[in-house]
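Each chain, written out:
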Amino acid sequence: MAQRDWVQAFLWGALSASALPPVHALPALLFAVPALLRLIGRAPSIARLFGIAWCYGFGLGLAGLYWITEPVLTEVSTFWWLVPFAAPLMAAAVACYAIPPALAAWFCQRPLPRLLVFAGSWVVSNLAQQFMFSGFPWNFWGTDWAVPGGVGNVMLQPAALVSVHGLTLATLLLAGLPMFGRRGLVALLAALGLWAGYGGERLKTPVTMTGVNLALVQPDFAEPPDYSRAGLEQSWATLLNMSRAAINAGADAVVWPEGSSPWLLPNDVNARAQLAQVTGTTPVLAGTLREVSPDDIRNSLAVMAGPVPPLAIYDKWKLVPFGEYTPKWIPLKIIPALLGQGFTAGTGPETISAAGLPPFGAEICYEDVFPGEMVDEAHRPDWILAVTDDAWFGDSAGPRQHFANARLRAVEEGLPFVRDANSGESAVIDPLGRVTASLPLDYKGVLVAPLPGPLAPTLFSRLGLGLPLMLALAVILAGVLTSRLTRHINFEIE
């Protein structure tokens, strides 16, 4: 019996992953969430419950994070032994976050209190996932609504109020409504209508333009890179040629993706001189490594303008565990030997004002998946620039899930979001989350597009993560009170 429940939970979890980008099969949640809540309700013991919750989370994680294996396949001759374990190990770890909300819901005997407590507790667990063990805020159910095109544009708008965490809370509550029959379905349709109505109305907000034309260079370099001298020089020639094309197309600034410069631009006088021969004093916002000292290497974004040292530098501060550094909570000693010294983290979110550009907040790689942590709100920027290299993950769901997060960050902050990715998708996203220009995945090219202006600070940008946390706790409290009320009513009737 236990094994059958665990298998069912795993399958329902895997099905629920189909609601995530890039599939966006949201109706799957109308079956998967009620099924999980029924499994929770009939669990005869905490041990059985833990198995159900973990198996559901494992199915969700394995189907949603299968692409974690892709970087291993780029060097399969060396890391072949890791291929069967990469995605399952990640999914097994993330699955643990499904246990606390399931446990909280288990103590509720009635469907409505169970749904309320489960939904609120799931969001609290998501918030913990954003911060614990270096943080991995990926594939939250609020990202399901980042559907490409007009539908997604409409349904993402409440993120300006409550962020992706608030969308997750609403998604779970709506997904559980079919448990209540016809009334539940009526409530579901009414809630979706109100949601869409708010989104459609907010999309009427006028967006101004800054008058700046940005060029996004998407070189589509292969991973792993060719580190031979000939390979490095070829990459450099590609960047210079594409930058020349961008200048000729009338770009006011040129952007290079994460780590694309084969030379350490902040340290390399000759490379800066060669770049200046092509771009003159036109700003180049270049993804590059830089050396502070032999033991201090950083993943950076440098603002170049002419042969002089960088006008400004941003250092990535949310480093990728095991890829860029070894977390201190890992006791193994073999991993630091594989990573060498690793990268040194920067100091945190920063607003850069340089080269006559509107002030911008810089993001590198997956820093843009951390809602509420990516902007220096004390010095609010006019736009966000994210440079990344998703080529490691091939033509999989990974880059598309990453792109969905970019749209959410734009809506949450009310700021234009410019994304330059080595292999795509590079895009300009306006502060309402609409893609105004883009280059497709696995494509080499230069995109020259106008930069939109910002909106007024959103409610979420002003109040931060405390707002969705308070909403989640309020829903949990409502579930507890409803549970006690229904028990009291039943006692009085009896």
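Look above for the structure.
Residues numbered from 1 in each chain as written. Predicted model: local features only at pLDDT ≥ 70, side-chain atom pairs only at ≥ 80, totals over all residues. Heavy atoms only, no water.

(A) Expanded view of the overall build of the chain. Each helix and strand in the chain was counted, giving 17 helices and 12 strands. The C-alpha radius of gyration computed for the chain amounts to 24 Å, which stays within 12% of the reference 23 Å derived for 494 residues, consistent with globular compactness. Taking the principal axes of the C-alpha coordinates as reference, the chain spans close to 85 × 55 × 35 Å. Restricting to contacts in the chain with at least 6 residues of sequence separation, those with at least 24 account for 71%. Summed over all atoms, the accessible surface of the chain reaches about 20400 Å², with 65% contributed by carbon and sulfur. (Helix = DSSP H or I, 4+ residues; strand = E, 2+ residues; numbered from the N terminus. Rg over C-alpha atoms; globule rule 2.2 N^0.38 Å. Contact = heavy atoms within 4.5 Å. Areas by Shrake-Rupley, 256 points an atom, 1.4 Å probe, with all protein chains shown as cover.)

(B) Structural view of the sheet that holds strand β1 (residues 209-218). What the six strands build is an open sheet, ordered β5-β4-β3-β2-β1-β12; its pairing is mixed. Since the sheet does not close on itself, it has two edges, and those belong to β5 (312-315) and β12 (445-452), each with one partner. For this sheet, the mean angle separating the axes of adjacent strands, direction not counted, is 40°. Across three bridges, β1 lies against strand β2 (residues 253-255) in parallel orientation. Note that in β2 the partner of Leu 216 across the bridge is Val 255. Where helix α12 (residues 229-248) meets the sheet, it contacts β1, β2 and β12, and its direction lies at approximately 155° from that of β1. (Pairing = 2+ DSSP bridges. Axes fitted to C-alpha atoms, helices over the stretch in contact; angles between N-to-C directions.)

(C) Inspection of the nonpolar core at higher detail. Residues Leu 285, Leu 301, Ile 352, Phe 360, Trp 383, Leu 385 and Val 418 are the most contacted members of the largest nonpolar core, which totals 39 residues. Excluding residues within four positions of it along the chain, Trp 383 makes contact with Leu 214, Leu 285, Pro 358, Pro 359, Phe 360, Gly 361, Leu 415, Pro 416, Val 418 and Leu 451. In this structure, Leu 20, Leu 39, Phe 118 and Leu 465 belong to the second largest nonpolar core, which totals 38 residues. (Core = buried A, V, L, I, M, F, W, Y, C linked by side-chain atoms within 4.5 Å. Buried < 20%, exposed > 50% of the residue type's maximum accessible area, 1.4 Å probe, protein only.)

(D) Up close: the packing of aromatic side chains. Applying the stated criterion across every chain yields a total of 12 aromatic pairs. Pairing Trp 122 with Trp 141 gives two aromatic rings, centres 4.8 Å apart and planes at 15°, and the pair type is stacked. You can see Trp 122 sitting in helix α8 (residues 111-131) and its partner Trp 141 sitting in the loop between α8 and α9 (150-155), a full 19 residues away along the chain. Summarising the aromatic geometry, the rings of Trp 145 and Trp 195 are spaced 4.6 Å apart at their centres and angled 45° between planes, so their arrangement reads as tilted. (Phe/Tyr/Trp six-rings, centres within 6.5 Å; stacked < 30°, edge-to-face > 60°.)

(E) Region of interest: the pairing of β1. When β1 meets β12, the two strands line up antiparallel, connected through seven bridges. Looking across to β12, one finds that Leu 214 is bridged to Ala 449. Assessed by its sense of winding, the connection that carries the chain from β1 through α12 to β2 is right-handed. (Right-handed = clockwise from strand over helix to strand, strands pointing away.)

(F) How the structure looks around the sheet that holds strand β6 (residues 351-352). Spatially, β6-β7-β8-β9-β10-β11 is the arrangement adopted by the six strands of the open sheet, whose pairing is mixed. Only two strands of the sheet have a single neighbouring strand rather than two, namely β6 and β11 (435-439). Sheet topology note: the strand β7 (residues 360-364)/strand β8 (residues 383-388) ladder contains five bridges and is parallel. Bridging across to β8, Ile 364 finds its partner in Val 387.

(G) A nonpolar patch on the surface, seen in detail. On the surface, a cluster of nonpolar side chains totalling about 280 Å² of accessible area is made up of Ile 46, Phe 50 and Phe 107. By the element assignment, Phe 50 lies in helix α3 (residues 46-64). Phe 50 sits in the partly exposed class, given a relative accessible area of 35%. (Patch = residues over 30% accessible without salt bridge, like charges linked within 9 Å, V, L, I, M, F, W, Y side chains within 5 Å. Salt bridge = Lys/Arg side-chain N within 4 Å of Asp/Glu carboxyl O.)

(H) Representation of the environment of Ala 119. Along the polypeptide, Ala 119 turns up in helix α8. In the structure, Ala 119 is positioned 56 residues away from Ala 175 in sequence and 9.8 Å away in space, judged by C-alpha atoms.

(I) Spotlight on α12. An ideal rise of 1.5 Å per residue puts 28 Å on 20 residues; α12 measures up with 29 Å between its terminal C-alpha atoms. Listed as buried for α12 are Gly 231, Leu 232, Ser 235, Trp 236, Thr 238, Leu 239, Leu 240, Met 242, Ser 243 and Ala 246. Where α12 is buried, its residues contact β1, β2, α13 (269-279) and β12. At the exit of α12 stands Gly 250, carrying a positive phi of roughly 95°. (Expected span 1.5 Å × (residues − 1).)

(J) Spotlight on the pattern of salt bridges. Scanning all chains against the criterion turns up 15 salt bridges. Across the salt bridge formed by Asp 315 and Arg 298, the nearest N and O atoms sit 3.2 Å from each other. A residue pair is termed long-range when its members are at least 10 positions apart, and Asp 315 in strand β5 and Arg 298 in strand β4 (residues 296-304) qualify at 17 residues. Take Asp 315 and Arg 298: they sit in the same class, and that class is buried. When salt bridges with common partners are traced through the structure, they connect Arg 290, Asp 296, Arg 298 and Asp 315 into a single cluster.

(K) Highlighting helix α10 (residues 159-175). Here α10 is 17 residues long, yet its end C-alpha atoms lie only 18 Å apart, well below the 24 Å a rise of 1.5 Å per residue gives. The largest bend along α10 reaches roughly 75° and is located at His 165. Of all 17 residues that make up α10, 14 are buried, and the element is covered over most of its length. (Bend = angle between axes of the 7 residues up to and from the residue.)

(L) Broad picture of the side chain of Glu 373. Position of Glu 373 among the secondary structure elements: in the loop between β7 and β8. A polar contact of 3.2 Å, which involves the side chain of Glu 373, links it to the side chain of Lys 318. Apart from the residues within four sequence positions on either side, Glu 373 is in contact with Gln 130, Phe 131, Trp 317, Lys 318 and Pro 349. (Polar contact = N/O pair within 3.5 Å; in protein donor to acceptor, adjacent residues only side chain to side chain.)

So far we have only geometry, and geometry alone does not tell us how the molecule works.
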